[in-house]
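Listed here are the chains, written in short residue letters.
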Amino acid sequence: MNYHWYPQNLQLYHNKLRLGFIGRMETFDQDFRTVLVRVFGEKVRDMGIPQRAGEAPSQPINLTSISMRTHEKIWNKYFWDFKAYGYNRREFVVSPGRSQTQRSAIGG
């Protein structure tokens, strides 16, 4: 498996190391600022985080466009990542636009 797609819990040894902070891509700016403040102190709190030249802003994935079968595969493949890093299945699958039948399929 390409290491970019390898489950994080196997790469980060979270069960063997005591992690002081776990950031998330969906809150990258806020989490990165938290890390900067912990490392460099309060003087960096109001610093803007520069974007790399030519980099398009990231777009959220429209979870309603992914089939339930694909959701199931992703959930099963990365189950221990979701569990270790505090994601729950309802947040992952149930989103606006899902039908009641689709919600019932996951216990929601």
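Placed above this text is the structure.
Sequence order as written defines residue numbering, which begins from 1 separately in each chain. With pLDDT at 70 or above as the cut-off, local features in this predicted model cover only qualifying residues; side-chain atom pairs require 80 or more to be listed or tallied, and sums for whole chains, interfaces and linings still use all residues. Calculated side-chain values reflect all of the structure's heavy atoms, with hydrogen atoms and water omitted.

Novice: With reference to specific residues and values, describe a nonpolar patch on the surface.
Specialist: Nonpolar side chains (Val, Leu, Ile, Met, Phe, Trp, Tyr) within 5 Å and like charges within 9 Å form the patches, drawn only from residues with over 30% relative accessible area and no salt bridge. Residue burial considers only the protein chains on display, and all accessible areas are found by Shrake-Rupley using a 1.4 Å probe. By salt bridge we mean one thing: a side-chain nitrogen of Lys or Arg within 4 Å of a carboxyl oxygen of Asp or Glu. Judged by side-chain polarity, Phe-21, Met-25, Phe-28, Phe-32, Val-35, Val-39 and Phe-40 come together as a nonpolar surface patch covering roughly 680 Å² of accessible area. When you line up the elements, Val-39 lands in helix α2 (residues 28–40). Each residue is placed in one exposure class: buried if its accessible area under a 1.4 Å probe, protein chains only, is under 20% of its type's maximum, exposed if it is over 50%, and partly exposed if it falls in between. Of the residues examined, Val-39 reaches a relative accessible area of 55% and is grouped as exposed. Only DSSP runs of H or I with at least four residues qualify as helices, and only runs of E with at least two residues qualify as strands; both kinds are numbered from the N terminus onward.

Novice: Describe α2, naming the residues involved and giving the relevant values.
Specialist: Along its 13 residues, α2 runs 18 Å from first to last C-alpha, staying within 8% of the 18 Å computed at 1.5 Å per residue. Among all positions in α2, only Asp-31, Leu-36 and Val-37 are buried. Multiply 1.5 Å by the residue count of a helix minus one, and that product is the helix's expected span.

Novice: Let's hear about the side chain of Asp-31: which residues, and what values?
Specialist: Positionally, Asp-31 belongs in helix α2. Buried within the structure, Asp-31 lacks any salt-bridge partner; its nearest side chain of opposite charge belongs to Arg-24, at an N-O separation of 6.1 Å. For the purposes of these results, a polar contact is taken to be a pair of N or O atoms within 3.5 Å, where, inside protein, one atom must be able to donate a hydrogen and its partner to accept one; residues adjacent in sequence count only when each atom of the pair is a side-chain atom. A distance of 2.7 Å separates the side chain of Asp-31 from the backbone nitrogen of Arg-24, its partner in a polar contact. In this structure the side chain of Asp-31 is engaged in a polar contact, spanning 2.7 Å, whose partner is the side chain of Thr-27. Beyond its immediate chain neighbours, meaning those up to four positions away, Asp-31 contacts Phe-21, Gly-23 and Arg-24. Only four residue types enter the tally: Lys and Arg on the positive side, Asp and Glu on the negative side, with His and both chain ends excluded. Between two residues, a contact is recorded if the distance between any of their heavy atoms is within 4.5 Å.

Novice: An account of the packing of aromatic side chains is needed here, citing residue identities and associated values.
Specialist: Pairs were defined over the aromatic rings of Phe, Tyr and Trp, the Trp ring being its six-membered one, requiring ring centres within 6.5 Å. Orientation was assigned from the angle between planes: stacked under 30 degrees, edge-to-face over 60, tilted for the rest. The full count for this structure, using the stated rule, is five aromatic pairs. Arranged with centres 4.8 Å apart and planes meeting at 80°, the rings of Phe-79 and Trp-80 form a pair that is edge-to-face. Since its relative accessible area comes to 54%, Trp-80 is described here as exposed. Here the aromatic rings of Phe-82 and Tyr-87 are separated by 6.1 Å at their centres, their planes lie at 80°, and the arrangement is edge-to-face.

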